[in-house]
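Given next are the chains, with one letter for each unit.
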Amino acid sequence: MSNRRIIFAKRPEGLPTEATFKFETGEIPEPKDGEVLLKTLWISVDPYLRGKMNEGPSYTAPFNVGEPITSGTIAEVVKSNNNSKFPVGTIVSNMGAWAEYSVTDGQYTRPVSKDVPLSQYLGTLGMPGATAYFGLFEVLQPKAGETLVVSGAAGAVGSIVSQLAKAHGMYVVGTASTEKIPFLNKLGCFDAVVDYKGADVRAALKAACPKGVDCYFDNTGGEVSDVVVLELLNRFARISICGQIATYNGGAKPASSAASISTTLLKKSARMQGFIVSDYLPRWPEALSKLTQEYKAGRLVSEETIVEGFDRTPEAFLGLFSGKNTGKMVVKVADPSS
């Protein structure tokens, strides 16, 4: 049997393309002592991977040209070499290579249960869910009755943030593109929704937030952020910077300057904080336990965009930057053995 891998071929300038990736076929690796061989079942594609394609320092090491892309995966242990923690047949969540088979020593691996759809461990019950949980409750420290704006509210993180916030008693406003507004309405957790592609985003946001904005969960950057930060913040507002997908490929630049943002924060006694979910890694079990409880009780709706086939992984990743996903984008590679 052979093993296909997806290699990071070259650093993109602007939007990545199919040429950013290269497929290689080789032998299935043998696990060394203490390692296990994993068969990939699901692959997570996420916007943050675009930042790892740039050269230079960031909050995580960049990808090396000529080596496999890595991200969150769900896999099955198919062979073990003296690793009693992960017996053959165990289903695991793993940070691994974009490959049909890979080996791991288990450092970034945890077993998962089959009592929920396995892909959920890459979304609501995984990194995006933890991001939503800590970005909302730790960074924003919300209070019932406050107004929260969520940009990118139809995405993997934004949709979870919005549901958690509504359950917390907040007035929730979500922004999304025209084609995703019906999904936001279906979720039923929004007091108002705003089409960021609409003719007058500024007027729409002001109408949606008659009492101003107390909390802003920013997944996108762009015009929505400029309006919220500079024009709608209340005193003692909090801003959680989770992502800036509008600027990842050299696209839209902020209209507001650092000086104008700083002045607004000063005048409003407001706080803006960027965060990385790995900052809270020791507390992930807390978040995932609570999210699992809510999901199993039917109080968290989890939307997925599923792309079938290992060879379509680059296509799925590129689709993130043209709005092809609603909720979490995942790639189904294979079924478990049983």
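What counts as what
- Residues numbered from 1 in each chain as written.
- Predicted model: local features only at pLDDT ≥ 70, side-chain atom pairs only at ≥ 80, totals over all residues.
- Heavy atoms only, no water.
- Helix = DSSP H or I, 4+ residues; strand = E, 2+ residues; numbered from the N terminus.
- Rg over C-alpha atoms; globule rule 2.2 N^0.38 Å.
- Buried < 20%, exposed > 50% of the residue type's maximum accessible area, 1.4 Å probe, protein only.
- Contact = heavy atoms within 4.5 Å.
- Areas by Shrake-Rupley, 256 points an atom, 1.4 Å probe, with all protein chains shown as cover.
- Lys, Arg positive; Asp, Glu negative; His and termini not counted.
- Charge placed at Lys NZ, Arg CZ, Asp CG, Glu CD.
- Pairing = 2+ DSSP bridges.
- Right-handed = clockwise from strand over helix to strand, strands pointing away.
- Expected span 1.5 Å × (residues − 1).
- Arc of directions from axis to C-beta.
- Salt bridge = Lys/Arg side-chain N within 4 Å of Asp/Glu carboxyl O.
- Axes fitted to C-alpha atoms, helices over the stretch in contact; angles between N-to-C directions.
- Disulfide = S-S within 2.5 Å.

**Student:** Can you walk me through the overall build of the protein chain in this structure?
**Tutor:** A tally of regular secondary structure across the protein chain gives nine helices and 15 strands. The C-alpha radius of gyration computed for the protein chain amounts to 21 Å, which stays within 12% of the reference 20 Å derived for 338 residues, consistent with globular compactness. Summarising its shape, the C-alpha atoms of the protein chain cover approximately 60 × 45 × 35 Å along the three principal directions. Counting the 338 residues in the protein chain, one finds 51% classified as buried. Put simply, 68% of the contacts in the protein chain that link residues at least 6 apart link residues at least 24 apart. Surface exposure of the protein chain reaches about 15,000 Å², of which carbon and sulfur atoms provide 52%. The distance from the centre of the 35 positive side-chain charges to the centre of the 34 negative ones in the protein chain is 5 Å.

**Student:** Where do I start with the pairing of strand β14 (residues 304–308) in this structure?
**Tutor:** Moving residue by residue along a regular strand, the side chains alternate between the two faces of the sheet. Residue alternation in β14 divides its side chains into a buried set, T305 and V307, and an unburied set, E304, I306 and E308. Taken together, the five bridges between β14 and strand β15 (residues 328–332) define a ladder with parallel strand orientation. In the strand pairing of β15, T305 is matched with M329. Read from β14 through helix α9 (residues 313–319) to β15, the crossover connection turns out right-handed.

**Student:** Is there a simple way to think about helix α8 (residues 284–296) in this case?
**Tutor:** Each α-helix winds once per 3.6 residues, and so residues spaced three or four apart point in a common direction. Under the 1.5 Å per step criterion, the end-to-end length of α8 is 18 Å for 13 residues, consistent within 8% with the ideal 18 Å. Buried residues of α8: W284, A287, L288, L291 and Y295, and no others. Buried residues along α8 cover an arc of 90° about the axis, so they all sit on one side. Of the exposed residues in α8, the ones pointing more than 90 degrees away from its buried face are P285 and Q293. On its buried face, α8 sits against β7 (109–111), α2 (127–140) and α3 (156–167).

**Student:** Would you mind going over the pattern of salt bridges with me for this structure?
**Tutor:** Side-chain pairs of opposite charge can arise where the charged atoms are in close proximity. Summed over the entire model, instances satisfying the criterion amount to 16 salt bridges. E315 is the partner of R312 in a salt bridge, and the nearest nitrogen-oxygen pair spans 2.8 Å. By relative accessible area, R312 is classed as partly exposed at 32%. Accessibility expressed as a relative area gives 39% for E315, which makes it partly exposed. Through salt bridges with shared partners, one network takes in R5, K22 and E24.

**Student:** What am I meant to see in the side chain of S159 here?
**Tutor:** Note that S159 resides in helix α3. Exposure remark for S159: the relative accessible area of 4% places this residue in the buried category.

**Student:** Before we go on, may I ask you to explain the sheet that holds strand β12 (residues 233–241) in this structure?
**Tutor:** Strand pairing in a sheet takes place through backbone hydrogen bonds and is either antiparallel or parallel in direction. Across the sheet, six strands lie side by side as β10-β9-β8-β11-β12-β13; this open sheet has parallel pairing. This sheet does not close on itself; its edge strands, each paired only once, are β10 (192–195) and β13 (271–274). Taken pair by pair, the neighbouring strands of this sheet meet at an average axis angle of 15°, ignoring direction. In terms of strand pairing, strand β8 (residues 147–150) meets strand β11 (residues 213–218) through three bridges, oriented parallel. The partner of L148 across the bridge, within β11, is C215. Of the strands in this sheet, β8, β9 (171–176), β11, β12 and β13 are in contact with helix α6 (residues 223–232), which crosses β11 at around 155°. Seen against the sheet, helix α7 (residues 258–268) touches β12 and β13 and runs at an angle of roughly 130° to β12.

**Student:** Would you explain the state of the cysteines in this entry?
**Tutor:** A disulfide bridge is the covalent bond that connects two cysteines by way of their sulfur atoms. The tally for this structure, following the rule as stated, stands at zero disulfides. Just so you know, C189 is unpaired, no disulfide at all, and the nearest cysteine sulfur is the one on C209, 15 Å from it. With no disulfide of its own, C209 has C215 as its nearest cysteine by sulfur position, at a separation of 12 Å. On the accessibility criterion, C209 (3% relative accessible area) is buried.

**Student:** What should I look at first to understand the environment of S119 in this one?
**Tutor:** Along the chain, S119 turns up in the loop between β7 and α2. Its relative accessible area of 4% is what places S119 among the buried residues. With 46 residues separating them in the primary sequence, S119 and T73 have C-alpha atoms 8.9 Å apart. Other than its neighbours up to four places away in sequence, S119 contacts W42, E304 and V330.

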